[in-house]
Amino acid sequence: MKPGPGKARSIVVALLDWFQSSARELPWRRTRDPYGIWVSEIMLQQTQVATVVPYWERWMRELPTIQALAKASPARVHKLWEGLGYYSRVRNLQKAAQTVVASHDAKFPSEFQQVLALPGIGRYTAGAICSIAFNQPTPILDGNVIRVLTRLFAIPGNPRAPEINSQLWSLAEKLVRLAATAGKPRSSGKLNESLMELGALICTPRDPDCVHCPVRIHCSARRQDRAAAFPQLPRRRKSVQRRVAAFIVRDGSRVLVRQRPAGGVNAQLWEFPNAELGAGPESAARAAGTLGFTLAESDPVCTIRHSITHHRITLQVYHARALGRPKTNDGQWLTAPELQKLAFPSAHRRLLEFLTS
Ligand code: SF4
């Protein structure tokens, strides 16, 4: 687990050289602006690089500064985030921007503890921002880095368990501190980025490309031909199947939608009225009844499948009619152009596309 200084230094040099020659051209790598780097790091949590690129470019065009984000309407920031999911990220991003404006004179702090104190920023994100934007030797440890380090040093056990996790943080810190003394420009940030990049491109969860790996000669898992045995993560939570009915309810050219309450999943986003489906052939009619609707047709007009964390959700969409005043919280009757301006979670955005196509 504790690499000697010679081996650790060789790993750092190999990673820095490889990153120099092989790093992907990504738009946030062209900036040293901590705001842009911070936005990219938050977007990249739980989200693929290819998905993030157009979101990040549009975000930076529309909200190019911390002040612009701090004063934007919540509806606008949700709309810019629409489709990325995990919307608490964007609410925290705006809260943190407001804190930076109020408490740091609108200048993103460079001190690690101050960065860590901002809403939505944990140890990983603070380490990434401080190393990439300010070239400080602050370590990072995410899923990619865990995979690389546990393989490189053949570290057994659950890497999320406190003792092993803290050893991995120490190892990541040792590497980034060595990088800081490598005599290359911006080497702290580059070392951290190289670990992330290696995990994303070469040391992938399945079929790592060891032949082209810049640190293969130092890799214990490869030497033991056991790359697939690391990291030793606990089994994933079993997925849960759910069936939900969503209702298209019209009043002339207007359609009924509602805003999700604060504090829950997808808070403040908009959706079509919906209810969980029970068992049996009458379940859609019963679900409609709980919302004060009656089904216009007994068969669904479309079915949308999607996942939220470990939930596998089948959304069955029905035409329905309101019986008097609908029992929906925050319901609003809106036209298609008005609906297009709102932020919907992905499944309901697909429903809206179906409705307006
Ligand atoms: Fe990962 Fe293979 Fe490189 Fe080891 S040699 S770090 S297992 S890609």
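Read on for a plain summary of the structure.

Cut-offs used in this document
- Residues numbered from 1 in each chain as written.
- Predicted model: local features only at pLDDT ≥ 70, side-chain atom pairs only at ≥ 80, totals over all residues.
- Heavy atoms only, no water.
- Helix = DSSP H or I, 4+ residues; strand = E, 2+ residues; numbered from the N terminus.
- Buried < 20%, exposed > 50% of the residue type's maximum accessible area, 1.4 Å probe, protein only.
- Contact = heavy atoms within 4.5 Å.
- Near = heavy atom within 4 Å.
- 1 Å grid on protein atoms, 1.4 Å probe; cavity = no way out; pocket = protein on both sides within 12 Å on 5 of 7 lines; lining within 4 Å.
- Sits in = over half its atoms within 2 Å of the grid points.
- Nonpolar A, V, L, I, M, F, W, Y, C, P; charged D, E, K, R; others polar.
- Salt bridge = Lys/Arg side-chain N within 4 Å of Asp/Glu carboxyl O.
- Expected span 1.5 Å × (residues − 1).
- Pairing = 2+ DSSP bridges.
- Points joined across faces, edges and corners; volume = space filled by probe spheres on them.

1. Considerations on the environment of alanine 221
Next up, step 1: Structurally, alanine 221 can be placed in helix 12 (residues 220-223).
Next up, step 2: We classify alanine 221 as buried; its relative accessible area is 0%.
Next up, step 3: For alanine 221 and valine 211, which are ten residues apart along the polypeptide, the C-alpha to C-alpha distance reads 13 Å.
Next up, step 4: In this structure, alanine 221 is in contact with Arg151, Ala154, Arg226, Ala227 and Phe230, ignoring residues within four places of it in sequence.

2. Quick look at the site of the ligand
Next up, step 1: As a structural note, the neighbourhood of the ligand is formed by Arg151, Ile202, Cys203, Pro208, Cys210, Cys213, Arg216, Cys219, Arg222 and Ala227.
Next up, step 2: Spatially, the ligand is embedded in the largest cavity.
Next up, step 3: Its residues placed into classes, the shell around the ligand shows seven nonpolar, no polar and three charged.

3. So, the pattern of salt bridges
Side chains that differ in sign of charge can pair as their charged atoms come close.
Next up, step 1: Taken as a whole and assessed by the stated rule, the structure comprises 13 salt bridges.
Next up, step 2: Two residues, glutamate 82 and arginine 349, come together in a salt bridge whose shortest N-O distance is 2.8 Å. With a gap of 267 residues between them, glutamate 82 in the loop between helix 5 (74-81) and helix 6 (88-103) and arginine 349 in helix 15 (residues 346-356) connect regions that are remote in the sequence. Here the two residues glutamate 82 and arginine 349 agree in accessibility, since each one is buried.
Next up, step 3: Salt-bridge contacts for arginine 258 lead to glutamate 271; the nearest nitrogen and oxygen are separated by 2.8 Å. Note that arginine 258 is positioned in strand 2 (residues 254-259) and glutamate 271 in strand 3 (residues 270-271), a separation of 13 residues in sequence.
Next up, step 4: The class for glutamate 271 is buried, based on a relative accessible area of 5%.
Next up, step 5: Each of Arg24, Arg29, Glu193 and Glu197 takes part in a single network of salt bridges with overlapping partners.

4. As for helix 1 (residues 5-22)
Next up, step 1: Relative to the 26 Å expected for 18 residues at 1.5 Å per residue, helix 1 spans 25 Å between its end C-alpha atoms, a close match to the ideal helical length.
Next up, step 2: Where helix 1 is concerned, the buried positions are Ala8, Ile11, Val12, Ala14, Leu15, Leu16, Trp18 and Phe19.

5. A short note on the pairing of strand 1 (residues 240-251)
Next up, step 1: Alignment of strand 1 against strand 7 (residues 311-322), held across ten bridges, turns out to be parallel. Bridging from a neighbouring strand, alanine 245 pairs with glutamine 316 of strand 7.
Next up, step 2: Sheet analysis places strand 1 next to strand 4 (residues 274-276), joined by three bridges and oriented antiparallel. Bridge pairing in strand 4 places alanine 245 opposite alanine 275.
Next up, step 3: For strand 1 and strand 2, the ladder comprises two bridges, and the chain directions are antiparallel. Within strand 2, the residue paired with aspartate 251 across the bridge is arginine 254.
Next up, step 4: With antiparallel pairing between neighbouring strands as the criterion, strand 1 and strand 2 make up a hairpin whose turn holds two residues, including glycine 252 at a positive phi of roughly 65 degrees.

6. Structural notes on the layout of surface pockets
Next up, step 1: The volume enclosed by the largest pocket comes to roughly 2,100 Å³.
Next up, step 2: Considering the residues around the largest pocket, the lining is formed by 48 residues, among which Gly143, Asn144, Arg147, Pro205 and Arg236 are closest to the centre.
Next up, step 3: For the lining of the largest pocket, the elements supplying multiple residues, two or more each, are helix 2 (34-44), helix 8 (123-134), helix 9 (143-152) and helix 11 (187-201).
Next up, step 4: Of all the elements in the fold, those that place two or more residues in the lining of the second largest pocket are helix 6, strand 1, strand 4, strand 6 (302-308), strand 7 and helix 15.
Next up, step 5: A per-class count over the lining of the second largest pocket returns eleven nonpolar, twelve polar and seven charged.

7. Remarks on helix 8
Next up, step 1: Between its first and last C-alpha atoms helix 8 spans 16 Å; for twelve residues at 1.5 Å apiece the expected length is 16 Å, and the two agree.
Next up, step 2: Taken residue by residue, helix 8 has Tyr124, Thr125, Ala126, Gly127, Ala128, Ile129, Cys130, Ser131, Ile132 and Ala133 as its buried positions.
Next up, step 3: Contacts made by the buried residues of helix 8 are with helix 2, helix 7 (112-116), helix 10 (162-180) and helix 11.
Next up, step 4: Positive phi appears at asparagine 135, one or two residues downstream of helix 8, with a value of about 55 degrees.

8. Some details on empty space enclosed by the protein
Next up, step 1: Evaluated as defined, the whole model comprises one cavity of 30 Å³ or more.
Next up, step 2: Of the volumes computed, that of the largest cavity is approximately 120 Å³.
Next up, step 3: As for the largest cavity, its lining consists of 15 residues, and the residues nearest its centre are Arg151, Cys203, Cys210, Cys213 and Cys219.
Next up, step 4: Broken down by element, the residue count for the lining of the largest cavity peaks at three residues, all from helix 9.
Next up, step 5: Grouping the constituent residues of the lining of the largest cavity by class yields eleven nonpolar, no polar and four charged.

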